[in-house]
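# Descriptive analysis of the structure
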Amino acid sequence: TTLTGTEPFAVTATFDEAVTGFDDLVNDITITNGAVTGITMVSATVYTLAVTPTGAGDVSITVPAAAAQDNVGNGNSVSNTLVIGNQIVEITQEQIADFMLTRANNLASNQPGLTRFLMGEGCGNFNLSATNGSGSVSGCVTRGNTWAEITSAWSGDGSYTLGTLGAHASLNPNLLVGGMVQFDYADDPANNASGKGYMVGPYFVAKLPEQPLYFEGRLLYGQTDNKISPLGTYTDSFETERWLAQLRATGEYKLRNTTLMPLLDVTYTEDNQRAYTDSLGNTIPSQAVDLMQVSAGLDFSTPIPVQMGNLELTGGIKGIYSSTNGGTAAPEFENWRGRTTLGLNYDTGRGGTLKFGSFYDGIGSNYESYGASLNFDMKF
């Protein structure tokens, strides 16, 4: 009843009495967006047509008048028109929308933090971890007012890499402004899609005078070049145009021996796919996807007295709102969920550091994720 690829299929033509002469592939069948490659007589009244679709639009098939004759030479009347709907356009749109939403989520989640620059904190580290079939790389470096950062993760579900170069100028002790350029690459095996792109734009970091409250923001614009193989038999190219806006507020307040760190993060990104013609001749319409993420929470850290070294209890709770709009192909999504963390940091005082962390994500929703980590570092 529907066409989801270019694989051949069979159609049955039934006459209401025995006929002959129904064997001309060119003249006995009227077909659009396909070809009849064979006619097989099942009985004197039933024939099977082997049809190979082109994949470009709906396939319509009709037996014209006088294509066959009965035993006294009368020709048949024209048949009904059978239409098999082509779903390739919808399939392609759905895969593109899902790919763009996955990339938008990765783009938003991997944005580098900027507040550290106003706090005078540099960066110069590199981390690599790998297991069978998955791994991650992250690193950053600062030199004066210029900086670079990279994050990358890969697994059997795909990969995403984001690299950022930035530079800024300090206008006063409580304000700096700068610009950044980002390059990213996404590979999504589930949708047979991949793409590379860039984003560029300004950013700022500000601090309230006399208050440990920091604000940062960025506005980025970019484009991407992508490839997709929706049926696994051919590969098409398409382009997108995208925006990202982010505002973040963080603070650090002392309540006796406890440090409280509030956080508010609002991120919006939009990706607009341009219309194109695929390898089969179908017009794939343009579509836009967007993602809104809002996070609000409070982290804390408090010391615990021990006889040797330093022990710190850490934790926090965060509310996360997510909203997506998948354009014409993917359904809209909107939910709230909560996330909690709890951990311990122990400094032995002799060059060793032991860190334990745990989290639970999905409070108040059908989503659930949890985990724990244990790390030990020793300096020689």
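Residues numbered from 1 in each chain as written. Predicted model: local features only at pLDDT ≥ 70, side-chain atom pairs only at ≥ 80, totals over all residues. Heavy atoms only, no water.

## Re the nonpolar core
- Counting residues in each nonpolar core, the largest one holds 28 residues, and the members touching the most others are Ile96 and Leu114.
- Elements that contribute at least two residues to this core include exactly helix H1 (88-109), helix H2 (115-118), strand S11 (158-172), strand S12 (175-188), strand S13 (193-207), strand S14 (213-228) and strand S15 (236-251).
- Sequence-distant contacts of leucine 114, that is, excluding residues within four places in its chain, are made with Trp147, Met180, Tyr203, Val205, Glu216, Gly217 and Arg218.
- With 18 residues, the next largest nonpolar core counts Ala13, Val36, Tyr47 and Ile84 among its residues. (Core = buried A, V, L, I, M, F, W, Y, C linked by side-chain atoms within 4.5 Å. Buried < 20%, exposed > 50% of the residue type's maximum accessible area, 1.4 Å probe, protein only. Helix = DSSP H or I, 4+ residues; strand = E, 2+ residues; numbered from the N terminus. Contact = heavy atoms within 4.5 Å.)

## A look at the pattern of salt bridges
- Scanning the model with the defined rule gives nine salt bridges in all.
- In this structure, arginine 116 and glutamate 149 form a salt bridge, with 3.0 Å as the shortest nitrogen-oxygen distance. With arginine 116 in helix H2 and glutamate 149 in strand S10 (residues 146-155), this pair connects stretches of sequence that are 33 residues apart.
- A relative accessible area of 16% places arginine 116 in the buried class.
- The class of glutamate 149 is buried, set by a relative accessible area of 18%.
- One continuous salt-bridge network, built from bridges that share partners, spans Glu216, Arg218, Arg248 and Asp265. (Salt bridge = Lys/Arg side-chain N within 4 Å of Asp/Glu carboxyl O.)

## Brief notes about the packing of aromatic side chains
- In this structure the tally under the stated criterion is nine aromatic pairs.
- Between the aromatic rings of phenylalanine 15 and phenylalanine 22, the centroid separation amounts to 5.2 Å while the plane-to-plane angle is 75°, which identifies the pairing as edge-to-face.
- Residue phenylalanine 15 is classed as buried on the basis of its relative accessible area, which comes to 12%.
- The exposure class assigned to phenylalanine 22 is buried, which follows from its relative accessible area of 3%.
- Aromatic pair tryptophan 147 and tyrosine 203: ring centres 6.2 Å apart, planes at 70°, arrangement edge-to-face. Linking tryptophan 147 in strand S10 with tyrosine 203 in strand S13, this pair joins segments that are 56 residues apart in sequence. (Phe/Tyr/Trp six-rings, centres within 6.5 Å; stacked < 30°, edge-to-face > 60°.)

## Notes on the sheet that holds strand S1 (residues 2-3)
- What the four strands build is an open sheet, ordered S1-S7-S6-S3; its pairing is mixed. Each edge of the sheet is formed by a strand with only one pairing partner; in this case those strands are S1 and strand S3 (30-32).
- In this structure, strand S6 (residues 59-62) lies alongside strand S7 (residues 82-86), joined through three bridges in antiparallel fashion. Residue valine 59 lies in a different strand from S7, and its bridge partner there is isoleucine 84. (Pairing = 2+ DSSP bridges.)

## With respect to the state of the cysteines
- Within this structure, the stated rule accounts for one disulfide.
- Disulfide pairing places cysteine 123 opposite cysteine 140 at an S-S distance of 1.3 Å. Of this pair, cysteine 123 sits in the loop between H2 and strand S8 (124-131) while cysteine 140 sits in strand S9 (residues 134-143), and the two are 17 residues apart along the sequence. As far as burial versus exposure is concerned, cysteine 123 and cysteine 140 are alike and both buried. (Disulfide = S-S within 2.5 Å.)

## Concerning the sheet that holds strand S2 (residues 9-14)
- If you walk across this open sheet you meet the three strands as S2-S5-S4, and the pairing is antiparallel. Of all the strands in the sheet, just S2 and strand S4 (34-41) have a single pairing partner and so form its edges. Direction aside, the axes of adjacent strands within the sheet are offset by 30° on average.
- The pairing of S2 with strand S5 (residues 46-53) spans six bridges and is classified as antiparallel. The residue bridging threonine 12 from the neighbouring strand is threonine 48, located in S5. (Axes fitted to C-alpha atoms, helices over the stretch in contact; angles between N-to-C directions.)

## Let's talk about the side chain of serine 229
- In this structure, serine 229 sits in the loop between S14 and S15.
- Here tyrosine 234 takes part through its backbone oxygen, which lies 2.7 Å from a polar atom of the side chain of serine 229.
- In this structure, serine 229 is in contact with Gln95, Asn192, Tyr234 and Thr235, ignoring residues within four places of it in sequence. (Polar contact = N/O pair within 3.5 Å; in protein donor to acceptor, adjacent residues only side chain to side chain.)

## Some points on the environment of glycine 232
- By the secondary structure assignment, glycine 232 is in the loop between S14 and S15.
- Separated by 40 residues in the primary sequence, glycine 232 and asparagine 192 place their C-alpha atoms 7.3 Å from one another.

## A look at the pairing of S4
- As paired strands, S4 and S5 are joined by seven bridges and run antiparallel to one another. Within the sheet, the bridge partner assigned to valine 36 lies in S5 and is valine 51.
- The antiparallel pairing of S4 with S5 creates a hairpin that spans four residues between the two strands.

## As for the environment of glycine 371
- Looking at where glycine 371 falls in the secondary structure, it is placed in strand S24 (residues 369-378).
- The contacts of glycine 371, once residues within four sequence positions are left out, are Gly357, Ser358 and Phe359.

## Some thoughts on the side chain of glutamine 95
- Looking at where glutamine 95 falls in the secondary structure, it is placed in helix H1.
- When its relative accessible area of 14% is taken as the criterion, glutamine 95 is described as buried.
- Setting aside residues up to four positions removed in sequence, glutamine 95 forms contacts with Asn191, Ile228, Ser229 and Pro230.

## Things to note about the pairing of S10
- Bridge analysis of S9 against S10 gives nine bridges, and the strand direction is antiparallel. Looking at S10, one finds that cysteine 140 is bridged to glutamate 149.
- Connecting S9 to the next strand, S10, in antiparallel fashion are two residues, including glycine 144 with a positive phi near 65°.
- Across 10 bridges, the pairing between S10 and S11 is antiparallel. Within S11, the residue paired with serine 155 across the bridge is glycine 158.
- The antiparallel hairpin formed by S10 and S11 contains two residues in its connecting segment.

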